Structure formats: C-alpha cells, structure tokens
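Architecture and fold: a report
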Amino acid sequence: MVEELEVVKELQAAFGPVDVRPQLTADGIPTVWVQPRIVESLLRHLKETLPSPYRTLYDLTAIDERQRLHRPDQPPADFTLVYHLLSYDRNQDLRLKVALTGEAPSAPSITSLWPCANWYEREVFDMFGIGFTGHPDLRRILMPPWWEGHPLRKEHPARATDMGIYHQPETKASEFEQMMEFDPRLLGGEKREADFDYLYLNMGPHHPSTHGVLRLVLKLRGQEIVDIFPDIGFHHRGAEKMGERQSWHTYIPYTDRVDYLAGVINNFPYVMAVEALAGIQVPDRARVIRIMLAELFRIISHLVFMGTFAQDLGMLSPVFYMFNDREHAFDIVEAITGARMHPGWFRIGGVAQDLPEGYDPLVRTYLKRMDKRLTEYRRMVMLNRLFRARTVGIGALTTEQAIEWGATGPVLRACGKQWDWRKNRPYGGYEQFEFDIPTGERGDAYDRAVVHMEEMRQSLRIIEQCLDHMPSGTYKSLHPAATPPLKEHNTMQDIETLIDHFVHVSWGPVVPAGEAAVGVEGAKGNNTYYLVSDGDVMSYRTRIRTPSFPHIQMVPMLGRGLMIPDLASILGSLDFVLADVDR
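This section reports on the structure supplied with the text.

Definitions and cut-offs
Residues numbered from 1 in each chain as written. Predicted model: local features only at pLDDT ≥ 70, side-chain atom pairs only at ≥ 80, totals over all residues. Heavy atoms only, no water. Helix = DSSP H or I, 4+ residues; strand = E, 2+ residues; numbered from the N terminus. Expected span 1.5 Å × (residues − 1). Buried < 20%, exposed > 50% of the residue type's maximum accessible area, 1.4 Å probe, protein only. Arc of directions from axis to C-beta. Contact = heavy atoms within 4.5 Å. Salt bridge = Lys/Arg side-chain N within 4 Å of Asp/Glu carboxyl O. Core = buried A, V, L, I, M, F, W, Y, C linked by side-chain atoms within 4.5 Å. Pairing = 2+ DSSP bridges. Axes fitted to C-alpha atoms, helices over the stretch in contact; angles between N-to-C directions. Parallel < 35°, antiparallel > 145°, perpendicular 65-115°, else oblique. Left-handed = near helix turned anticlockwise from the far one by under 90°. Nonpolar A, V, L, I, M, F, W, Y, C, P; charged D, E, K, R; others polar.

**Comments concerning helix 9 (residues 317-337)**
Compared with the 30 Å implied by 1.5 Å per residue over 21 residues, the 30 Å span of helix 9 between its first and last C-alpha is a close match. By the burial criterion, the buried members of helix 9 are P318, V319, M322, D325, R326, A329, F330, I332, V333, I336 and T337. For helix 9, the angular spread of buried residues about the axis comes to 155°, placing them on one side. Its buried side turned inward, helix 9 meets helix 8 (284-312) and helix 10 (359-382).

In structure tokens, the structure reads:
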C-alpha cells in the first residue's frame, strides 16, 4: 500500500494537495480526485513526464451520481469521469476521477494523448451525454444516431416495458435509413482525387470475416486499403444497464454473454469485484475449481479462434477438427456444471456446486487427447506455407503501439511483451501454479496465432496441476454475504435460518457501499469489472472493460496500405467477439 500511495504523493507534489485529493476504495487501487481545469495537463504528466510513466489508458467511463446516497469525502458532482491508467513499469493501476456538474457537462478531450481515447470518449458521450471539447468526431458509437436520451443516465428506462410500444412510421424508416448511409466528407475523407474516384466498400455488417455484426467501410484505391471506418453497436444489448436492475447474484448469468465463447472466465472478474466490496474470502478448494474451469474455457475459446482463423484464410478441415475438440471439452463442462457454453457457474464466495464423482479421469483423458491434437494442429495450420504467406508480416503491431492503444492479452504478448495478469499480477490463486508466458517477435497476425496455440498448451499444464493438487474443504464461503448460502448451514436448522436463506436467494445480499475494479486475464485479453455499490441489493454502476473494444479500434491503423484479403487475416488474428465490443 505504501508503494501504491507513492504516486499520489508524486501528483500532490507536482499539482498541489488542493487539486489532487485521494480517495480510499475497496480494491486498493490508488484513486485521486482531480480538478477539471488540470485534468489534461495531469494526464500528460503521468504519461510523458513521471518516472516509470502510466503509458496505457486502460479505460475511460463515467458515473451518474445524482441518485447516489453514499459518497463520503467525495466532492459534489452530478457526473463523475473515471480515467483508469496502467503502468507496466510500476505494475500498477491508477484511477483519476473528475467531478462534473450540470445537465450537459463537458471535459477536454485527451485524444491527442491517447488515440484509443477516441472511442472511449464517444461511448461516454453516447451513454451519459458528457461532451469532450476538441474531440475530432464526437457522435454516438453504440446507439443509432436517431436514439433519444443517454441510456446510462439514471432517468433513462432500463426495461423495454418502461418505454411503451414502439412504432416506426414509414417516413421515419426512410429517414433512419438515410442516417445510416456513409458520407466520407463528414469524416474528413474525399470521394475523388484529381484523376480518379475512390471506391467505398461496405464489409459487413453481414460478412463471414467480421465474425458477427460489424460494419467496416473501406476506402479503396483499387484493391489497396486507404482507410477503414468501423461502425459498431449493432450487437449492443445494454449489459451495463442491466447491472443496475439485477441483484448481485442474478447478474452472474449476464456476464457469460459478454464474451460468449469464454464462459466462466466472464464470471471471474465480476464475482471477485463483489467479493472485494463485501470482504469475502474464497475457500482454497473453490479457488482451484475456478482456475480449472477458467483454463478449460480458455482452451475452448482458443479452439474457436484457431479454427475460424484458418477458415477465414481458406482452410476448411481445421475448423471441424477443432470444433470437435471443443465439444469434448463441453462434455466436461456439462458433467461438472450441468450446462455447456454459458454455465453461469461461479458464485459470490465460491462456485455453485462441488465437483461430481468421476470428474478426475474425465478431465485427464481430455488432457492427453489435447496434447496430441495441439501437435497435429501445429503441423496442419502453423507450418502450412499458405497460412504463413497470408499472415507473416500482416497487421504487424509494435510493443509501443500496443501499449498506446490499450492492447492486452495475446495481442500484446505477440509483440514480445511478456505480460500476463495470471503471472505478473496473480489473482484467485494463480500464484500457486507453474506455467510459461508465450510471446511473439513481430506482433503480426502469425505471431498472434502462435501465442494462442502455445497458451492452450500452458492451460493444459495448469489444469493438470489443479487435478494433482485439488484441496479438500468447502466449495463456497460461509460469509453471510455469499449468495446463496449453503443449505446445510441455513435451511435445515430452524425457521429463522430458512427465512434467512429465502431472503438471500430472492433478494441477494446487501453489499456495503464502495467501489472496486478487478481484472483478469481473459481469453482475448484483460477483462475488468468496475462495480459501484450504494449499499443496496444491486449495483449502482456496473462498468465492463473488455479487450475487444480497443482491439477493434486498432483495425484502421493495422489495415492501411494493405489489400482487402489481408484485412481478413487481421480481423481473424485479433480474436474479438462483437458482444465483447458492444456489450
């Protein structure tokens, strides 16, 4: 904690204790309130001047404070801007908060500092109506351009039933269609040069290579990509808004659907953030069970990545082989949890049930099978000369660019940066396990595939250690805020404990007021849940920082100057999911 507070002292020394005020949080992340007039200069100081600087803008979001009751020692605010920075040199996070007042507040844009701030600021504008002076393209990003209101404001309805029956007159349909037409002049582009016309081509929102409803408008000079204009939000379902109307417990299944290929890995940061708020200690057996299931889902997700990536480049067989191996893994998931893709099985304080009899030989058989299959896949895909021709040198990213754009996970490690939260910042018990961190050299599409392939082998190592050293004991904490409590400790005793169990299951626990952000090494990169509790049975603010959002924002930079087929290689190598982008 002393080292973490050192950065607060550094900022107070540079900008004064009046303009930089610390705040205590449940997660222990250094958190300071900053005056709006110095936020831009302070962020520049953190990125460019401070020793061991904070070079990554990890997240940028906001909180509607107008209905919040518990804000001890915090300045008056209608809205709060929250900047989450990351320093790899210090292995440390930093949270900056800016208090804003008024119905339509604004703050200076920081797009000149971090290019990835472009989409984050647009999202805050879209969801909260907060403006950013100096932003090059401040318009909606997740909601359609005709949407009225800002969904993450407290007055905006949370349910469709609160909004009345929707009618769309024929005149409106035509008007909305015109709004969706792409006009390059509005984005600083031109339709023609002196001696030729540029071609603007829609790639998506329905295209196999976009892996979902993603629209990319390509500006072409012949087959060469001059620029790319991404259009996201088609998959937006209000996942963060749902967190404000679901109890702490009933929101768990919603997390499965964010990165819908990674199953319980989505549950992991959410339940750990709630546990940090409530002060819950997870039993050792539950911690190891969680890691075993998380690593199994990492393999499941990476199999989808490798199979579809190879398919994008014209290889048909690998996707069938890999999806078959994925189904065998789902058999294990089903045997343990009762579900397959979306088990929603992690719980606040542990997991839903203990491991069933016979799980050990079932898992060991799969480990032996996959060890051989990965060797075969390396020969089939990674050593294939056509696959290499389509990926080596394509979409290359330097380590500096990756840090600047907020890239994490396999995308960052493919650049040579040996950084994995399971190793560099262990959580949930990962410090007990031995495994390596695969890295690349060129940061291109091929290296991203290499990292994914080797990570599956490392996951097999971790799972085997889970089997060899599975602790005894209970699978869920006995803390009163753990949801739902164990029946043998509540329901079966007397009427009072039965009532207590009923209340916990139907309403869920009351989590103490506070805020906590917990991140994990997800299948596609770093995934963080930032939760704000107002001392209620549900979250006051649920923020989901996903890896796919910044990764897709990098696509125009990665694709410029290449050919249209190269874009398929880039998109496939980024391993994104649209629900992870749009939430």
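**Some details on the pattern of salt bridges**
One pass over the structure, following the stated rule, counts 51 salt bridges. Put simply, R340 and E327 hold a salt bridge, and the shortest N to O gap is 2.8 Å. You can see R340 sitting in the loop between helix 9 and strand 11 (346-347) and its partner E327 sitting in helix 9, a full 13 residues away along the chain. Owing to a relative accessible area of 25%, R340 belongs among the partly exposed residues under this scheme. Looking at E327, the relative accessible area reads 34%, which means it is partly exposed.

**Topic: the nonpolar core**
Counting 160 residues, the largest nonpolar core has L43, L46, L57, L81, Y83, L96 and M292 as the members making the most contacts within it. A total of 15 residues in this core trace back to one element, the largest contributor, which is helix 8. Sequence-distant contacts of L43, defined by excluding residues within four places in its chain, comprise Y83, L85, L96, I110, L113 and W114. One finds I29, V82, A517 and Y530 within the second-largest nonpolar core, a separate group that totals 7 residues.

**Side note on the pairing of strand 15 (residues 541-545)**
In terms of burial, strand 15 is a largely internal element, 5 of the 5 residues being buried. Where strand 14 (residues 526-533) lies against strand 15, 5 bridges are found, and the strand directions are antiparallel. Bridged to T528 within strand 15 is R545.

**Description of the packing of helix 8 against helix 15 (residues 445-468)**
Contact geometry for helix 8 and helix 15: axes closest at 9 Å, N-to-C directions at 150°. The pairing of helix 8 with helix 15 is recorded here as roughly antiparallel in orientation. Pair helix 8 / helix 15 crosses with left-handed handedness. Looking at the contact of helix 8 with helix 15 residue by residue, the classes come out as 18 nonpolar, 3 polar and 4 charged.

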